[in-house]
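Observations on the three-dimensional arrangement
Chain residues, written in single-letter form:
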Amino acid sequence: AGLRINKHLIEFSKNEKALYQILDNKTLVINGSEVTLDSNQQALITEYSTKIRSVVPEVKILAVDAINLAVEGVNLAFDELLGQGNEVGIELTTHLHGIRDEVEQRFDSDKEFYIDEHGDFADDFFGEEFENRIEEAIEHTIKNSMGTLLIAVGQEMLFSGGDMDAFESRMENFGKQIEHEMELRGEALEKRGEALCYSVYQIDQLEQALQQQVNEMSEFDVISAEVSDADKI
C-alpha cells in the first residue's frame, strides 16, 4: 500500500483510496469512521504508529551518512593526488553537500513523507534522476579539472623518475588502501541498514498483532517483512 506521514496523520492507501488512518498516534479511522478501542488496543495502536514514525528519521540519517561516506572517499582520492584543499575535491564535495542538504530537507519532520504502493517516492527523488544528478556532478567536475589532473599525474611520473611501473604500482597500492578504508566504513553503514530493515520487521509484527486484536483491522495486511533468526538484532 501507499504510505503517507505528516505531523498528525499516518495513512495507508490503495489505488488512491485510504485503507486506514491513524490520527495523532492514537485514533484509528477506517472508512471515515473512528474505531472504538479498549486500553490494550489503544496501546498497540500508539506503539504501531510511533514505531512507523521513528523509521523516517532513521532513513534520513542513513542516507545522509551514505553521502558523507562518498565525500570522504572523494577527499581521500584527490587529496592524495593533488594535495589537501585542492579545487577538484572542493568542487565535488560542494556538489555532494548540496545533494545531502536536499535529502535532509526532504525528510524534515515538518514536511509530509509519501511513498506510493510500489515503494516509489511521488517525485522519483531517489530514483533514476537522483542517480543521474550524482553522476553528472562527478562528470562535470572531472571534465573541468582534466588539465589539473593531467598535470598532477605528470608530476607523479616525474617523481617516479619516469618509471611507469613504479608509478603504476604506487597508484595500485593507493587504490587498494582507499578500497580498504571505504569498505571498513561501509560495513558499519551496512549494519545500520540491516538494523533499519529489522525495524520494519518489528512494525510488521505489530501490524499482525493489530489484525488479531482489532476486528476492523483483520482484513489489512499492508506490511510484509521476513527475517532470519541470525538477522534479528
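Turning our eyes to something else, we now look at the pairing of strand 2 (residues 9-14). In terms of residue burial, strand 2 counts as a mostly covered element, since five of its six residues are buried. Looking at chain direction, strand 1 (residues 2-5) and strand 2 are connected through four bridges and run antiparallel. Bridge assignment links I5 to a residue of strand 2, and that residue is I10. Linking strand 1 back to strand 2 in an antiparallel pair, the connection comprises three residues. Both strand 2 and strand 3 (residues 17-23) contribute to a ladder of six bridges, which runs antiparallel. Bridging from a neighbouring strand, F12 pairs with Y20 of strand 3.

Below, the discussion takes up the packing of aromatic side chains. This structure, assessed with the given rule, holds three aromatic pairs. Taking the centre distance of 5.2 Å and the plane angle of 40 degrees together, the rings of F12 and Y20 count as tilted. The same class applies to F12 as to Y20, namely buried. These aromatic residues form a ring-pair network of at least three members: F12, Y20 and F220.

Okay, helix 1 (residues 39-82) next. Here helix 1 spans 65 Å end to end across 44 residues, near enough to the 64 Å set by a 1.5 Å rise per residue. Among the residues of helix 1, the N-terminal cap falls to D38, whose side-chain oxygen and the backbone nitrogen of N40 are separated by 3.1 Å.

So, about the pairing of strand 3. Count of turn residues in the strand 2/strand 3 antiparallel hairpin: two residues, of which N15 carries a positive phi of about 55 degrees. With three bridges connecting them, strand 3 and strand 4 (residues 27-30) associate as antiparallel partners. Paired with I22 across the bridge in strand 4 is L28. Connecting strand 3 to the next strand, strand 4, in antiparallel fashion are three residues, including D24 with a positive phi near 50 degrees.

Turning our attention to the environment of Q42. Its place among the elements puts Q42 in helix 1. The spatial distance from the C-alpha of Q42 to the C-alpha of E216 is 13 Å, given a sequence separation of 174 residues. Setting aside its immediate chain neighbours within four residues, Q42 contacts K26 and L37.

Rules used throughout
- Residues numbered from 1 in each chain as written.
- Predicted model: local features only at pLDDT ≥ 70, side-chain atom pairs only at ≥ 80, totals over all residues.
- Heavy atoms only, no water.
- Buried < 20%, exposed > 50% of the residue type's maximum accessible area, 1.4 Å probe, protein only.
- Helix = DSSP H or I, 4+ residues; strand = E, 2+ residues; numbered from the N terminus.
- Pairing = 2+ DSSP bridges.
- Phe/Tyr/Trp six-rings, centres within 6.5 Å; stacked < 30°, edge-to-face > 60°.
- Expected span 1.5 Å × (residues − 1).
- Polar contact = N/O pair within 3.5 Å; in protein donor to acceptor, adjacent residues only side chain to side chain.
- Contact = heavy atoms within 4.5 Å.

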